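What the coordinates show
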Amino acid sequence: MNKNTDSREIFNYWGTTSDADQKFYESAYTILSSGKNSSYADLMESTFFNQLVERQGRKILAGPMLGQIKSDGATVWVRTLEPAKIEVEIEKEDGIVVFGPAYSNYETDLSAEIRIDGLQSSSRYPYQLIVNDKDISPSTDQVINTVPELGTNQEVKIAFGSCPHRWGLGNHNLSSF
């Protein structure tokens, strides 16, 4: 792979992207790369894209994705299908705590961030995403693993995530803007 690699190739790099996901992202790529001012609102105006969303039973457009993970918290990022209220339920030792709400809208390109705090370092917290007062069932376990306190000698693994189908890798129509 290099700077000329099309982001659609990346989705199938390991051969694990389903045909449904491939079609979903291909449709999004086509709409979003149609002009420098294209936005996620344009996706939701597309009849074809909405039919894919409906057929595939998608509840959100992207995410949730964790970021800014610290010893006492993290941020949960999500992109919704329409303007929405988003909350995150965290399972703590003393019960369920709800964080948010945060709101996605067209000004935020249908994205929102929910800040989570008050967690213990080096701990594991299952969480649940709630959009417009409805639980969004995950396809995998959703867990926040907080990092150790500074100065401790514990191993930490780091991962990087991005939206290559929108702004970067392979979206040559937008990369020069």
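Residues numbered from 1 in each chain as written. Predicted model: local features only at pLDDT ≥ 70, side-chain atom pairs only at ≥ 80, totals over all residues. Heavy atoms only, no water.

A separate point is the environment of S46. Of note, S46 is situated in the loop between helix 3 (40-44) and helix 4 (47-56). Once the C-alpha coordinates of S46 and A28 are considered, the two residues, 18 residues apart in sequence, prove to be 9.6 Å apart. (Helix = DSSP H or I, 4+ residues; strand = E, 2+ residues; numbered from the N terminus.)

In this section: helix 2 (residues 19-32). With 14 residues, helix 2 should cover 20 Å at 1.5 Å per step; its first-to-last C-alpha distance of 20 Å lies within 8% of that length. Along helix 2, the residues that are buried comprise Q22, F24, Y25, S27, A28, Y29, I31 and L32. (Expected span 1.5 Å × (residues − 1). Buried < 20%, exposed > 50% of the residue type's maximum accessible area, 1.4 Å probe, protein only.)

With 20 residues, the main nonpolar core has I86, V88, I90, I116, L129 and I144 as its most contacted residues. Of all elements in the fold, only strand 2 (74-79), strand 3 (84-92), strand 4 (95-104), strand 5 (111-116) and strand 6 (124-131) reach the threshold of two or more residues within this core. Sequence-distant contacts of I90, defined by excluding residues within four places in its chain, comprise G95, I96, V97, F99, I116, L119, Y125, P126, Y127 and I144. Within the second largest apolar cluster, 13 residues are counted, among which are F24, L43, L81 and L110. (Core = buried A, V, L, I, M, F, W, Y, C linked by side-chain atoms within 4.5 Å. Contact = heavy atoms within 4.5 Å.)

On to the sheet that holds strand 5. Spatial ordering of the open sheet is given by 1-2-5, a layout of three strands whose pairing is antiparallel. In the strand order of this sheet, the two ends are held by strand 1 (62-67) and strand 5, each with one partner. Geometrically, the sheet is characterised by an average inter-axis angle of 20° between neighbouring strands, direction not taken into account. (Pairing = 2+ DSSP bridges. Axes fitted to C-alpha atoms, helices over the stretch in contact; angles between N-to-C directions.)

To continue, consider unusual backbone geometry. Of note, the bond from G63 into P64 is cis; its omega dihedral lies within 30 degrees of zero at -5°. With respect to the helices and strands, the residue P64 is situated in strand 1. Residue P101 is bonded to the preceding G100 through a cis peptide linkage, with omega at 5°. Locating P101 in the fold gives a position in strand 4. In this structure, D109 is a non-glycine residue whose phi angle is positive, near 60°. The topology assignment puts D109 in the loop between strand 4 and strand 5. The backbone of D133 shows a phi angle near 65°, a positive value even though the residue is not glycine. Mapping D133 onto the fold places it in the loop between strand 6 and strand 7 (134-136).

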